Amino acid sequence: MHDCAVIGGGPAGLTAAIYLARYHLSVAVFDDDTSRAASIPMSHNHAGFPDGINGRDLLNRMRTQALRHGVDIRAEKVTELHRTNNGFRVLSHEPLDVRSVLLATGVVNRRPAISAELHDTAVSAGLVRYCPVCDGFEITDKPIAVIGSGSRAFKEVVFLRSYTKNLTLVSDVAEHGLSAEEAARLEELGVAVRTGPVEFVSADGGAIEITARGQRFSFAAVYPALGSDVRSHLAEMVGAELSDEGCVTVDAHQRTTVVGLYAAGDVVIGLDQISNAMGQAGVAATSIRNDLCDSMPLIRP
Ligand SMILES: Cc1cc2nc3c(=O)[nH]c(=O)nc-3n(C[C@H](O)[C@H](O)[C@H](O)COP(=O)(O)OP(=O)(O)OC[C@H]3O[C@@H](n4cnc5c(N)ncnc54)[C@H](O)[C@@H]3O)c2cc1C
């Protein structure tokens, strides 16, 4: 029986696995290779990498470190999670019984209506961006569009206004969905508002071209502000409490409301950043170690 199953091999899951293995605990990581970090063309805000680091490279370094500590990494999707008398049963290619589980399954960004091929090309060229906190700095003073509607898009535009005055809000649907106050505030801020639906035309040569209601626009980058889907269904399956947004609720030690189940990273409400995911993972792994130790002291033979 493994001491812990970590579900998710992104920055949160891999950090936790390294800590757990270094506590001399047996750990299996399940990962179906859809980390948001894998789509980062170059991160410039992750401390310790003055020239930036590609997301896939960062994940590979973390995987190498985990493997060197004997972590059992399985390229498998977990389909079900069940409570047992002394822990959990993880269902994947084959069932695995474990004493504890860390959920580090992250979130999935909702995409605009764009072909997968054009989307991936645009993301890797930094022409479609999902995280102003991460890379707003890189678009300073450039012509930028936010794709979305209502308050979510409004907030994103206001956030980005501290980076550039050349901003357009293009609604993904026929109505912009802004309140009168929001529309007035955007006018004050000099933000142009267009209504969709939006069609993505091309993404090359340092520009992304879209059409909205037949008019063609070119931007240095677009930020979809369409929200994200939280991958918290496994927590729900064992009865853990979720927030209104669907994030897993945790205490200051990353414990969920289900004994033996912990959560870290984007799946938990808070700042969706690598540094935060890694910090929460360190806390979670240490809580797991201490809680397991309470029920069965960890003593070196
Ligand atoms: C384009 C882009 C650029 C970004 N740039 C930056 C940046 O510069 N700096 C920064 O700090 N942050 C950045 N972020 C955010 C950052 O990627 C996330 O905050 C970070 O990846 C969260 O880590 P995580 O481990 O919680 O989740 P993820 O990295 O999303 O990892 C979750 C993992 O869980 C796995 N998983 C999910 N469900 C299952 C299941 N049922 N079974 C098995 N495996 C499962 C997935 O395959 C995935 O590998 C960016 C995000 C995007 C999309």
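Keep in mind that what you see is a predicted model, and the values were worked out from it rather than measured.

Asks: What should I look at first to understand the side chain of Arg129 in this one?
Replies: Tracing the backbone shows Arg129 in the loop between α3 (116–124) and α4 (132–135). Looking at Arg129, its side chain comes within polar contact range of the main-chain oxygen of Gly126, at 2.8 Å. Setting aside its immediate chain neighbours within four residues, Arg129 contacts Asp135, Glu138, Ile139, Ala221, Val222, Tyr223 and Pro224.

Asks: How should the UniProt feature "domain: FAD/NAD(P)-binding" (unreviewed entry) in the protein chain be read in this particular structure?
Replies: Within this structure's numbering, the places UniProt gives as "domain: FAD/NAD(P)-binding" (unreviewed entry) are residues 3–281. Between the C-alpha atoms that bound residues 3–281 there is a distance of 16 Å. The span itself is 26% helix and 26% strand.

Asks: Where do I start with the packing of helix α5 (residues 150–160) against helix α6 (residues 180–188) in this structure?
Replies: In helix packing, the relevant descriptors are the interaxial angle and the interaxial distance, both defined with respect to the helix axes. Between α5 and α6, the shortest axis-to-axis distance is 11 Å and the interhelical angle comes to 20°. Judged by the inter-axis angle, α5 sits roughly parallel to α6. In the packing of α5 onto α6, the handedness of the crossing is left-handed. Across from Gly150, Ser151, Phe154, Val157 and Val158 in α5, the residues of α6 making contact are Glu182, Arg185 and Leu186. Classifying every residue of the contact of α5 with α6 by side-chain character gives 4 nonpolar, 2 polar and 2 charged.

Asks: Before we go on, may I ask you to explain the sheet that holds strand β14 (residues 221–224) in this structure?
Replies: Strands belonging to one sheet form pairs held by backbone hydrogen bonds; the direction of such a pair is parallel or antiparallel. In space, the 4 strands of this open sheet follow the order β10-β9-β8-β14, with parallel pairing throughout. The strands lining the two open edges of the sheet, one partner per strand, are β10 (192–194) and β14. Adjacent strand axes in the sheet meet at a mean angle of 20°, parallel and antiparallel pairs treated alike. Pairing analysis gives 4 bridges linking strand β8 (residues 144–147) to β14, with the strands arranged parallel. Directly across from Ala145, in β14, lies its bridge partner Val222.

Asks: What is the right way to read the packing of helix α1 (residues 11–22) against helix α8 (residues 274–295) from this model?
Replies: Between α1 and α8, the least distance of the axes is 8 Å, while the angle of their chain directions is 35°. Crossing angle aside, the handedness with which α1 passes α8 is right-handed. Contact residues: α1 offers Pro11, Ala12, Thr15, Ala16, Tyr19 and Leu20, while α8 offers Ile274, Ala277, Met278, Ala281, Gly282, Ala285, Thr286 and Ile288.

Asks: Sorry, what's going on with a nonpolar patch on the surface here?
Replies: There is a patch of nonpolar side chains on the surface, built from Val133, Phe159 and Leu271 and spanning about 260 Å² of accessible area. With respect to the helices and strands, Leu271 occurs in the loop between β16 (261–263) and α8.

Asks: Honestly, the pattern of salt bridges in this entry has me stumped. Any pointers?
Replies: Note on pairing: side chains with opposite charge can pair once their charged atoms come close. Per the stated rule, a full pass over the model turns up 13 salt bridges. Its salt-bridge partner being Asp32, residue Lys77 comes within 3.7 Å of it at the nearest N-O pair. Of the two residues, Lys77 is situated in the loop between β3 (72–74) and β4 (80–84) and Asp32 in the loop between β2 (27–30) and α2 (55–68); the sequence distance between them amounts to 45 residues. Under the relative-accessibility criterion, Lys77 is labelled exposed at 51%. Judged by relative accessible area, Asp32 falls into the partly exposed class, the value being 34%. A salt bridge links Arg255 to Asp291; the nearest nitrogen and oxygen atoms lie 2.9 Å apart. In this pair, Arg255 sits in the loop between α7 (233–237) and β16 while Asp291 sits in helix α8, placing the two residues 36 residues apart along the sequence. According to the relative accessible area criterion, Arg255 is partly exposed, its value standing at 30%. What you see here is one network of salt bridges that share partners, running through Asp251, Arg255 and Asp291.

Asks: I keep staring at the state of the cysteines and nothing clicks. Help me out?
Replies: Should the sulfur atoms of two cysteines be covalently bonded, the bond is a disulfide. For the structure on display, the rule yields 1 disulfide. Across the disulfide, Cys131 is cross-linked to Cys134 (sulfur-sulfur distance 2.0 Å). Between Cys131 and Cys134, the S-S torsion sits near 70°, and that sign places the bridge as right-handed. Looking at Cys134, the relative accessible area reads 24%, which means it is partly exposed. Of all cysteine sulfurs in the structure, the one in Cys4 sits closest to Cys293, which takes part in no disulfide; the separation is 15 Å.

About the thresholds
Residues numbered from 1 in each chain as written. Predicted model: local features only at pLDDT ≥ 70, side-chain atom pairs only at ≥ 80, totals over all residues. Heavy atoms only, no water. Helix = DSSP H or I, 4+ residues; strand = E, 2+ residues; numbered from the N terminus. Polar contact = N/O pair within 3.5 Å; in protein donor to acceptor, adjacent residues only side chain to side chain. Contact = heavy atoms within 4.5 Å. UniProt positions renumbered as here; feature names shortened; annotations may be inferred. Axes fitted to C-alpha atoms, helices over the stretch in contact; angles between N-to-C directions. Parallel < 35°, antiparallel > 145°, perpendicular 65-115°, else oblique. Left-handed = near helix turned anticlockwise from the far one by under 90°. Nonpolar A, V, L, I, M, F, W, Y, C, P; charged D, E, K, R; others polar. Pairing = 2+ DSSP bridges. Patch = residues over 30% accessible without salt bridge, like charges linked within 9 Å, V, L, I, M, F, W, Y side chains within 5 Å. Areas by Shrake-Rupley, 256 points an atom, 1.4 Å probe, with all protein chains shown as cover. Salt bridge = Lys/Arg side-chain N within 4 Å of Asp/Glu carboxyl O. Buried < 20%, exposed > 50% of the residue type's maximum accessible area, 1.4 Å probe, protein only. Disulfide = S-S within 2.5 Å.

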